[in-house]
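Secondary and tertiary structure notes
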Amino acid sequence: MVCSIVNPSILSADFADLACDCQRILDAGNGDVKWLHIDIMDGHFVPNISFGPPVLSCLTKKLADRKLFYDCHMMVSNPLQWVEPMAEAGGSQYTFHLEAAKDPQAVIDKVKQHGMKVGIAIKPGTPVEDVIPWANQADMILVMTVEPGFGGQKFMPDMMPKVRVLRQKYPELNLEVDGGLGEGNVDVAAEAGANVIVAGTSVFKSPDVATTVQVLKNSVEKHSAK
Ligand code: DX5
Ligand code: ZN
């Protein structure tokens, strides 16, 4: 059975007070937030710029005692280029976009050489069949539920058939959904088979972070037990 993983996206954090804002979420999560989702954007693969390895490096140093898993979502045009800097900055998993990789095998190999887990992401327009040839080498597959680039967008439920196909084929694989997820729709994703729930706005802007984290976590637990 897969684990239920609540994965707050720091894209919705207060960048001027990043470590403190993350600590606020970790404390409210009371041990149930063990991952942070790190959205790296290069202004080229997506029409937005977020932050890069130096920011992750500062954050991982500051939060070292928390022993977190840093899930790095690489929205960059040249995924090979950033493997080493992200590993050095403390990244735990390197999730590259299949659409950006000229040679996915080369990226997979380099990520493994640098001691990180391998994640592979697909955008809403990419068919699930495209990722299947690589799935057995991946630690996680990310099915985007918005067009990558910005937080606060609307969840696309029509991505769920991709999640279903992957869950049926790979019962033990981490399957992540990212974009527009919150208390109101997590059941849709969990029921389809997602077990890693990225949540930016819904967690960082929640009036009651502890409850939001519990609702997200319990939803996956409930559905993955079936
Ligand atoms: C969007 C990013 C997401 C984003 C999600 O391109 O990949 O991780 O932070 O934010 P919400 O949860 O607000 O949609
Ligand atoms: Zn993301």
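Rules and cut-offs
Residues numbered from 1 in each chain as written. Chains lettered and ligands numbered in written order. Predicted model: local features only at pLDDT ≥ 70, side-chain atom pairs only at ≥ 80, totals over all residues. Heavy atoms only, no water. Buried < 20%, exposed > 50% of the residue type's maximum accessible area, 1.4 Å probe, protein only. Helix = DSSP H or I, 4+ residues; strand = E, 2+ residues; numbered from the N terminus. Pairing = 2+ DSSP bridges. Phe/Tyr/Trp six-rings, centres within 6.5 Å; stacked < 30°, edge-to-face > 60°. Lys NZ or Arg CZ within 6 Å of the ring centre and 35° of its normal. UniProt positions renumbered as here; feature names shortened; annotations may be inferred. Contact = heavy atoms within 4.5 Å. Polar contact = N/O pair within 3.5 Å; in protein donor to acceptor, adjacent residues only side chain to side chain. Axes fitted to C-alpha atoms, helices over the stretch in contact; angles between N-to-C directions. Parallel < 35°, antiparallel > 145°, perpendicular 65-115°, else oblique. Left-handed = near helix turned anticlockwise from the far one by under 90°. Nonpolar A, V, L, I, M, F, W, Y, C, P; charged D, E, K, R; others polar. Donors = N, O, S within 2.8 Å, 3.2 Å for Na, K, Ca; no water. Tetrahedral: all angles 85-135°; square planar, octahedral: opposite > 155°, others 65-115°.

As a further point, take the pairing of strand 2 (residues 35-41). Burial of strand 2 is extensive: seven of the seven residues sit out of reach of the surface. Side chains Trp35, His37, Asp39 and Met41 project from strand 2 onto one buried face, and the interleaved Leu36, Ile38 and Ile40 project onto a second face that is buried too. Two elements, strand 2 and strand 3 (residues 69-75), share seven bridges in a ladder whose sense is parallel. Bridging from a neighbouring strand, Met41 pairs with Met75 of strand 3.

Aromatic ring pairs are defined here through the distance separating the ring centres and the angle between the ring planes. The tally for this structure, following the rule as stated, stands at two aromatic pairs. An angle of 90° between the planes, with centres 5.6 Å apart, marks the rings of Phe15 and Phe51 as edge-to-face. Taken as a pair, Phe15 in the loop between strand 1 (5-8) and helix 1 (18-29) and Phe51 in the loop between strand 2 and helix 2 (53-62) lie far apart in primary sequence, 36 residues in all. What makes Phe15 partly exposed here is its relative accessible area of 42%. Residue Phe51 is classed as buried on the basis of its relative accessible area, which comes to 10%. Across the ring face of Phe45, the terminal group of Lys123 is positioned such that the distance to the ring centre comes to 5.0 Å.

A few words on the UniProt feature "binding site: a divalent metal cation" (unreviewed entry) in the protein. As annotated by UniProt and renumbered to match this structure, "binding site: a divalent metal cation" (unreviewed entry) occupies His37, Asp39, His73 and Asp178. Taken together, the annotated residues stretch across 142 residues yet fold into one region, lying no more than 10.5 Å apart by C-alpha. Structurally, Asp39 can be placed in strand 2. With near-sequence residues (within four places) excluded, Asp39 lies in contact with Ser9, Leu11, Ser50, Phe51, His73, Met75 and Asp178. Within polar-contact distance, the side chain of Asp39 engages the side chain of Ser9 at 2.7 Å. On the secondary structure map, Asp178 appears in strand 7 (residues 174-178). Discounting chain neighbours no more than four positions away, the residues touching Asp178 are His37, Asp39, His73, Leu142, Val143, Met144, Thr145, Val146 and Val198. Polar contacts involving the side chain of Asp178 include one to the side chain of His73, which spans 3.2 Å.

A word on the packing of helix 1 against helix 2. Viewed as axis vectors pointing N to C, helix 1 and helix 2 meet at an angle of 50°, and their least axial separation amounts to 10 Å. Judged by the angle between their axes, helix 1 and helix 2 are oblique. In the crossing of helix 1 with helix 2, the sense of the turn from one axis to the other is right-handed. Of the residues in helix 2, those touching helix 1 at Leu18, Ala19 and Cys22 are Val55, Leu59 and Lys62. Tallied by class, residues from the contact of helix 1 with helix 2 come to five nonpolar, no polar and one charged.

Glancing now at the coordination of the zinc ion (ligand 2). In this structure, His37 (NE2), Asp39 (OD), His73 (ND1) and Asp178 (OD) serve as the protein donors to the zinc ion (ligand 2), at separations of 2.1 to 2.3 Å. In this structure, the zinc ion (ligand 2) is coordinated by six donor atoms arranged in octahedral fashion, with angles at the metal of 72 to 173°. Sequence positions of the residues that donate to the zinc ion (ligand 2) give the spacing H-x1-D-x33-H-x104-D. Placement of His37 in strand 2 and of His73 in strand 3 is noted, with a sequence separation of 36 residues between them. For the pair His37 and His73, a shared accessibility class is recorded, and that class is buried.

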